[in-house]
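In case you want the letters, here they are:
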Amino acid sequence: MLQNLLQGLASILTHRSGDVFTVLLVVSVLWRATVVLRIYSSRPRHIPIEAKPYPFRRWFKDFDFILDGSTQILKAYKKLGAGLTFAIPSMGEYQILASDPRDIEAICNASEETLSFHEAMTDRLKHYYTIYRFKYGEPDPNDSIPKRVVKVLLRMQLDALRPTIDEKIRKAVDAQFETAAALKDDWRALPTFFFAKSVVEELNARVILGEEIGNKRECIDAALRYVGDVVFAAEVARQFPAFLTPIIAPAIMRWSGAMNKLVDLISPVVEERKRLQAAGVPDLSKKYADCIQWTVESSKTPAQRETPRLVAVLIGLLLASSHQMSLTLTYVLYALCDHPEYIIELRREIEEGFDARPGSSNPFKKLYLLESFLLEVARLNPPDALVVQRKVKKPILLPSGAFIPANNLVAVPQQALARNSAVFSNPDTFDGRRFLPGNDYIRETEAVTKFTDVKYSYMFWGPPRKPCPGRWYVSHTLKAVVVHLLMNYDMKLEQKNAKKYFLWTTAILPRPTIGILLRKKKNVVDVGRLAM
Ligand code: HEM
């Protein structure tokens, strides 16, 4: 049959006979045959495999995976039973999903040479085209610069940045509210996801890009568009053979122009900061408390200090920070509206426990219910069904006995694991008090579970030994947004029982049409004056 197809294709090409449809059909059958061969030759062994990729109907199953990959993973996890690592074919490779605790630990701690984070991200994000020609590896092989900037410098400066963050949140929320359509009884309607994205982007643009450009409307708008462009370009490119990526991804990015706009805005600021540093101007990081300054100062070698490289690192930070934070804030708003009883309790807790004194090291320290509420929202609403996604570079034998050849993708199915009834009782039910310490004595005297904690049984922040360095910033700013909203606004969802999510491969995204209603609260308590 293959021979006939090849002969048919040769005849069409040589005699220019046949129509475009036949050529397309033959090319796609051949392409599919090579994909199936490649998948077959690198199939994992000694592991349950959910569905084989070879039958013809599986061709169409790939489209199923695009439209609800996360549901397929959840179903397979429930069918096979928790704690069993399994494989599922998807879009040109096997995804090996580690559910056995021993395998989870092995995957989290494998070296980059065996299980590559960089290659998995390259496949997923097409970052050379979507993050201004960013390349992993040299000149910063361990990504030490962005990690230092976020984990050390941003975290250290959070206290100093608090007034700026609070003001940004207040202005961003109020501005969105003022421009929203007014309804009966003083309610105003806003699209929830867009509202969350706008607040997050106003904040992140300032913290990452600084006063000069981060406060400019054109910069915030470009950053907002850019994040959506990356998700769109990378996902579209992923659906086509890899050799088309250099055409498809840059075309989409150029068409929108948001990335180039950001490059034009950031480059001169980076140049100026380098010039000031070279001139020996003192206290630059005090004058410019932002990620541009910290990135310039943390970059030491000439290759690290080239302006395009610095700009790419900063744009990458904008992306890493904004997309997942906006999703999480949206899910927090959904949860507050779906469970209004928490609104009353959280307000009470804020009035009693919020510490707004300028010198206080952590204004949210006594907001235990808020901490638990965020943990529960994140448990049930990860931004992606998978975490710790790694491309297999060298064949690996997992502790469970599963053998995984190169070229597959391994990952931890965090959405499924968060619904393991052996770890979480009634795992499908939202319980905002789930992580709350038992009583006041325990809260005061023992270490309590925090939103920023990392564990193998709670993988929201990634591998416990190499987790997200931005989690303290996320925890601080999300709490600040929730406190501001709860103390100044009433809220409810526009459509109560509407579907709130849509699925795209393994990503779980909020539907842009779901609206939130906000109304200025009567009897506003000035949180700026609350002190323990
Ligand atoms: C709700 C928001 C966020 C979530 C859920 C999240 C989640 C994650 C996860 C799961 C990883 C680990 C990926 C892996 O090893 O497979 C990661 C890495 C990373 N995140 Fe976040 N993140 C969030 C926000 C942020 C923010 C705000 C920043 C920056 C300000 C940031 C910067 C980074 C960086 C630089 C890495 C790479 C670290 C490395 O190379 O080891 N993230 N994030």
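This is a predicted model, so every value here is computed, not measured.

Account for the UniProt feature "binding site: heme" (unreviewed entry) in the chain, with residues named and values stated.
As annotated in UniProt, the feature "binding site: heme" (unreviewed entry) corresponds to Cys468 in the numbering used here. On the secondary structure map, cysteine 468 appears in the loop between helix 18 (440-445) and helix 19 (471-488).

Talk me through the packing of helix 7 (residues 144-179) against helix 13 (residues 291-298); I want residue IDs and the actual numbers.
Relative placement of two packed helices is described by the angle separating their axes and the distance separating the axes. It is at 10 Å that the axes of helix 7 and helix 13 come closest, and there the two elements cross at 135°. It follows from the interaxial angle that helix 7 and helix 13 lie oblique. Handedness of the helix 7/helix 13 crossing: right-handed. Contacts between helix 7 and helix 13 pair Ile145, Arg148, Val149, Leu153, Leu154, Gln157 and Leu161 from the former with Cys291, Trp294, Thr295 and Ser298 from the latter. Tallied by class, the residues present in the contact of helix 7 with helix 13 amount to seven nonpolar, three polar and one charged.

Lay out a positive patch on the surface with the relevant residues and their values.
On the surface, a cluster of positive charge is made up of Lys147, Lys151, Arg155 and Lys466. Judged by its relative accessible area of 42%, arginine 155 falls in the partly exposed class.

Explain the domain arrangement of the chain to me, and be specific about the residues and the numbers.
By domain assignment, the chain separates into domain 1 (1-41), domain 2 (44-116 + 387-418) and domain 3 (144-382 + 419-457 + 460-529). Between domain 1 and domain 3, the C-alpha centre-to-centre distance is 48 Å.

Please set out the packing of helix 9 (residues 217-238) against helix 11 (residues 258-278) residue by residue, giving values where relevant.
The geometry of helix 9 relative to helix 11 is characterised by a closest axis approach of 8 Å and an angle of 140° between their N-to-C directions. Comparing their axes, helix 11 and helix 9 come out oblique. In the crossing of helix 9 with helix 11, the sense of the turn from one axis to the other is left-handed. For the pair helix 9 and helix 11, the contacting residues are Glu218, Cys219, Ala222, Ala223, Arg225, Tyr226 and Asp229 in the first and Ala258, Met259, Lys261, Leu262 and Leu265 in the second. Its residues assigned to classes, the contact of helix 9 with helix 11 comprises eight nonpolar, no polar and four charged.

Residue-level account of the site of the ligand, with values.
The environment of the ligand is made up of 22 residues, and the closest members are Ser321, Thr328, Arg390, Lys466 and Cys468. Here an oxygen atom of the ligand and a side-chain polar atom of arginine 390 are 2.9 Å apart. For the shell around the ligand, the secondary-structure elements that each account for two or more residues are helix 7, helix 14 (307-338), strand 6 (387-392) and helix 19. With five residues, the top contributor of residues to the shell around the ligand is helix 14. A per-class count over the shell around the ligand returns 13 nonpolar, five polar and four charged. Residues from two domains meet in the shell around the ligand; each of domain 2 (44-116 + 387-418) and domain 3 (144-382 + 419-457 + 460-529) gives at least three.

Explain the packing of aromatic side chains to me, and be specific about the residues and the numbers.
The description of an aromatic ring pair rests on the distance of the ring centres and on the angle between the ring planes. Following the criterion strictly, the structure yields 16 aromatic pairs and no others. Look at tyrosine 342 and phenylalanine 430: their rings are 6.0 Å apart centre to centre, the planes differ by 80°, and that puts the pair in the edge-to-face class. Of this pair, tyrosine 342 sits in helix 15 (residues 341-353) while phenylalanine 430 is found in the loop between helix 17 (414-417) and helix 18, placing the two residues 88 residues apart along the sequence. The buried category is assigned to tyrosine 342, whose relative accessible area is 7%. Phenylalanine 430 sits in the buried class, given a relative accessible area of 16%. Between the aromatic rings of phenylalanine 354 and phenylalanine 364, the centroid separation amounts to 5.6 Å while the plane-to-plane angle is 50°, which identifies the pairing as tilted. Highlighted residues: phenylalanine 354 in the loop between helix 15 and helix 16 (368-380) and phenylalanine 364 in the loop between helix 15 and helix 16, separated in sequence by ten residues. Residue phenylalanine 364 is classed as buried on the basis of its relative accessible area, which comes to 4%. Through successive ring pairs, a cluster of aromatic residues spans Phe117, Phe134 and Tyr136.

Before we move on, could you go through the state of the cysteines and cite the residues and values that matter?
Per the counting criterion, the structure on display carries zero disulfides. Between cysteine 108, a free cysteine, and cysteine 468, which holds the nearest cysteine sulfur, the sulfur-to-sulfur gap is 14 Å. Using a relative accessible area of 9% as the deciding quantity, one classes cysteine 108 as buried.

Conventions we followed
Each residue is numbered by its place in its chain's sequence as written, counting from 1. Per-residue local features are limited, in this predicted model, to residues with pLDDT of at least 70; the limit for side-chain atom pairs, both in listing and counting, is 80 or more; totals at the level of whole chains, interfaces and linings are taken over all residues. Side-chain metrics rest on all non-hydrogen atoms present in the structure, leaving aside hydrogens and water. UniProt positions are given in the numbering used here, feature names are shortened, and annotations may be inferred rather than shown by experiment. By definition, any uninterrupted DSSP run of H or I lasting at least four residues is a helix, any uninterrupted run of E lasting at least two residues is a strand, and each is numbered from the N terminus. Here an angle of 0 to 180 degrees is reported between the N-to-C directions of two axes, which are lines fitted to C-alpha atoms, with helices fitted over the stretch in contact. Under this scheme an angle from 65 to 115 degrees is roughly perpendicular, one under 35 degrees roughly parallel, and one over 145 degrees roughly antiparallel; angles in between are oblique. Here a crossing is taken to be left-handed if its near helix is turned anticlockwise relative to the far helix by less than a right angle, and right-handed if that turn runs clockwise. Every residue pair with non-hydrogen atoms within 4.5 Å of one another is taken to be in contact. As a working rule, the residues Ala, Val, Leu, Ile, Met, Phe, Trp, Tyr, Cys and Pro are called nonpolar, Asp, Glu, Lys and Arg charged, and the rest polar, with Gly in that last group. Each patch is built from residues that are more than 30% exposed by relative accessible area and take part in no salt bridge. Like charges join if they lie within 9 Å; nonpolar side chains (Val, Leu, Ile, Met, Phe, Trp, Tyr) join within 5 Å. Methods summary: accessible areas were calculated by the Shrake-Rupley approach with a probe of 1.4 Å, and residue burial reflects only the protein chains presented. A carboxyl oxygen of Asp or Glu within 4 Å of a side-chain nitrogen of Lys or Arg is what we treat as a salt bridge. Just so you know, the count uses Lys and Arg for positive and Asp and Glu for negative, and it drops His and the chain ends. In plain terms, the charge of a residue is placed at NZ if it is Lys, CZ if Arg, CG if Asp and CD if Glu. The buried label applies to any residue whose accessible area, calculated with a 1.4 Å probe on protein chains only, is under 20% of its type's maximum; exposed applies above 50%, and partly exposed to all values in between. Start and end positions for the domains come from either an automated domain assignment or a database one. The nearness test applies per residue and asks whether one of its heavy atoms lies within 4 Å of the molecule or strand. Whenever two N or O atoms come within 3.5 Å, that pair is a polar contact, provided that in protein one can donate a hydrogen and the other can accept it, and provided that, for residues adjacent in sequence, both atoms are side-chain atoms. Geometry of aromatic contacts follows a simple scheme: Phe, Tyr and Trp rings, the Trp one being its six-membered ring, pair when their centres are within 6.5 Å, and the pair is stacked under 30 degrees between planes, edge-to-face over 60, tilted otherwise. Sulfur atoms of two cysteines make up a disulfide when they are within 2.5 Å.

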